[in-house]
Amino acid sequence: FLLLGLTAMEKKLAEYKCSTNEAIQLKLVRFPEDLEDDNTTFNPEYSHQVFGDDEVAFGYKGLKILLYYIAGNLSTLFRIEYTSKVNEKFDCVEADDIESKIREIIPPGFCTNTDDFVSLLEKEVNFKPFGMLLHTYSVHNEEAGEDITYQIYKADMTCPGFQEYHERLQTFLMWFIETASFIDIDDERWNYFLVFEKYNKDGATLFATVGYMTVYNYYVYPDKTRPRVSQMLILPPFQGEGHGAQLLETVHRYYMSSPTVLDITAEDPSDNYVKLRDFVLVKLCQDLLCFSPEKLMQGFSQEMVMEAQQKLKINKQHTRRVYEILRLRATDMGDAEQSRSYRLDVKRRLIGPYKKKQRELAKMRRCLRPEELTNQLNQIDLNMQHEQLEESFQQLVSDYRRVLERLAQA
């Protein structure tokens, strides 16, 4: 009887579990009617940093966690709605305290009712981008049937109102970057690059936030810096329109003009970021003399490393990838000799880590007992190495081809 009671109870409680990725509804609001329009809603990709690894909120049915932002200055509306909630008196369990979890990541000063939010929306016409304009570009929008103008700005914490704006902006990291963390804004070595869309409302020009990038300027002895891209996010409604590439290229161009910058790196880059970077760097490098087809066919050279670093602030490791992508474009893979030469060239780089392992093994041989050594050796089977190598090579070539396809369309 007890068991039956338990499963019935468990079933009942299971009805009060909600996926937080579905419950959280985000919006970037330009017009009052956006509030009622489901098409303007988007959901997080991640919510584990706020709601735990299973990304579940307990204690509610029909849960909605509304986080609506005014498109430009990101003033926030935060509300929780649900159809029913577990009751401590009857169910002897407590519902999750969702409000305090969300309050931990969104700055104070948000609205809790729609009327206050809509009245803030009317003041949005006064919002202007922060900092210094670096780049303007336009993208043709099929739906609107017109070109839309975008601008990229560089800002810092001395811009009036920027600190508060940045606190609201960085909350999006929690929902879209798997390992996001907030940065220490008191450190003056941070640079902020922001993308805005210009749009019209009742005859006025307004600005909407599209995305941003933070870059940390590391000191390199004796008198240089090495900017490192820390976070980059294009907000979901704007993804897939080429803004990431515009932003990264603009940031490269900004640092290119600085004699004290050595090269640009990235902290723990995601696969998507690497693909984006490949495209942008190849686009920047393809016209350098050192990457002419004749020189590409002669192999990777110190000249490429020097020129890419001096002119474009690209480091050696990234220059090597650019070389491999451009060489693939210059190679006739249908020609057995050219194809073999390309394959060997790339695999020679890929085998580097294996070779390192081999050297470590040789060291171990000198100091390990035979039975310990056998264990170590079993982990590295040569046939497997060749298979892995071939697999890595094929994967790279398919990634490289995608970059070249995108380049052909650019």
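Residues numbered from 1 in each chain as written. Predicted model: local features only at pLDDT ≥ 70, side-chain atom pairs only at ≥ 80, totals over all residues. Heavy atoms only, no water.

- The protein chain goes by Histone acetyltransferase type B catalytic subunit in an unreviewed UniProt entry, where it is assigned to Crypturellus soui.
- You can read under Sequence similarities (unreviewed entry) in the UniProt record for the protein chain the words "Belongs to the HAT1 family."
- In its Catalytic activity (unreviewed entry) section, UniProt records this for the protein chain: "L-lysyl-[protein] + acetyl-CoA = N(6)-acetyl-L-lysyl-[protein] + CoA + H(+)". (UniProt positions renumbered as here; feature names shortened; annotations may be inferred.)

1. What about the state of the cysteines?
- In this structure the tally under the stated criterion is 0 disulfides.
- Here Cys290 is not cross-linked by a disulfide; its sulfur's nearest cysteine counterpart is in Cys285, at 7.2 Å. (Disulfide = S-S within 2.5 Å.)

2. As for the side chain of Asn191
- Structurally, the position occupied by Asn191 is in strand β11 (residues 190-201).
- Its relative accessible area of 9% is what places Asn191 among the buried residues.
- Within polar-contact distance, the side chain of Asn191 engages the side chain of Tyr255 at 2.9 Å.
- Setting aside chain neighbours within four positions, we find Asn191 in contact with Lys154, Ala155, Met213, Thr214, Val215, Asn217, Tyr254 and Tyr255. (Helix = DSSP H or I, 4+ residues; strand = E, 2+ residues; numbered from the N terminus. Buried < 20%, exposed > 50% of the residue type's maximum accessible area, 1.4 Å probe, protein only. Polar contact = N/O pair within 3.5 Å; in protein donor to acceptor, adjacent residues only side chain to side chain. Contact = heavy atoms within 4.5 Å.)

3. A closer look at the pairing of strand β9 (residues 132-141)
- Pairing of β9 with strand β10 (residues 146-155), which is carried by 9 bridges, proceeds in the antiparallel orientation. Each residue of the ladder has a partner; that of His140, found in β10, is Asp147. (Pairing = 2+ DSSP bridges.)

4. As for the nonpolar core
- Formed by 109 residues in total, the largest nonpolar core has its most connected members in Trp175 and Phe291.
- Once residues lying within four places of it in the same chain are set aside, the contact partners of Trp175 are Ile24, Leu26, Pro44, Glu45, Tyr46, Ser47, Val50, Phe51, Leu67, Ile102 and Ile105.
- Judged by nonpolar contacts, the second largest core, of 9 residues, contains Val29, Leu66, Tyr68 and Leu121. (Core = buried A, V, L, I, M, F, W, Y, C linked by side-chain atoms within 4.5 Å.)

5. Some remarks on the sheet that holds β11
- Taken together, the 6 strands give an open sheet; going across it, the order is β9-β10-β11-β12-β13-β14, and neighbouring strands pair in mixed fashion. The open sheet has two free edges, formed respectively by β9 and β14 (265-266), since each of these has just one partner strand.
- Where helix α7 (residues 162-169) meets the sheet, its contacts fall on β10, β11 and β12 (204-220), and the angle it forms with β11 comes to roughly 85°. (Axes fitted to C-alpha atoms, helices over the stretch in contact; angles between N-to-C directions.)

6. Comments concerning the pattern of salt bridges
- Applying the stated criterion to the full structure yields 19 salt bridges.
- Between Arg321 and Asp278 there is a salt bridge, with the nearest N and O atoms lying 2.8 Å from each other. Of the two residues, Arg321 sits in helix α13 (residues 316-330) while Asp278 sits in helix α10 (residues 271-285), which places them 43 residues apart along the sequence. Per residue, the accessibility class of Arg321 equals that of Asp278, and both read buried.
- The partner of Asp345 in a salt bridge is Arg320, and the shortest N-O contact between them spans 3.4 Å. (Salt bridge = Lys/Arg side-chain N within 4 Å of Asp/Glu carboxyl O.)

7. A closer look at the pairing of strand β2 (residues 24-29)
- Within β2, 6 of the 6 residues are buried, leaving the element largely enclosed by the surrounding structure.
- The alternating pattern of β2 places Ile24, Leu26 and Leu28 on one face and Gln25, Lys27 and Val29 on the opposite face, and all of these are buried.
- In this sheet, strand β6 (residues 64-70) lies alongside β2 in parallel orientation, the contact comprising 6 bridges. The partner of Gln25 across the bridge, within β6, is Leu66.
- The pairing of β2 with strand β3 (residues 41-42) spans 2 bridges and is antiparallel. Directly across from Leu26, in β3, lies its bridge partner Phe42.

8. Points about the packing of helix α9 (residues 243-256) against α10
- As a packed pair, α9 and α10 sit with axes 10 Å apart at the nearest point and diverge in direction by 55°. If you check the angle between α9 and α10, you find them oblique. For α9 against α10, the interelement crossing comes out right-handed. For the pair α9 and α10, the contacting residues are Gly244, Ala245, Leu248, Glu249, His252 and Arg253 in the first and Tyr273, Leu276, Arg277, Phe279, Val280, Leu281, Lys283 and Leu284 in the second.
- Considering only residue class, the contact of α9 with α10 consists of 8 nonpolar, 2 polar and 4 charged. (Parallel < 35°, antiparallel > 145°, perpendicular 65-115°, else oblique. Left-handed = near helix turned anticlockwise from the far one by under 90°. Nonpolar A, V, L, I, M, F, W, Y, C, P; charged D, E, K, R; others polar.)

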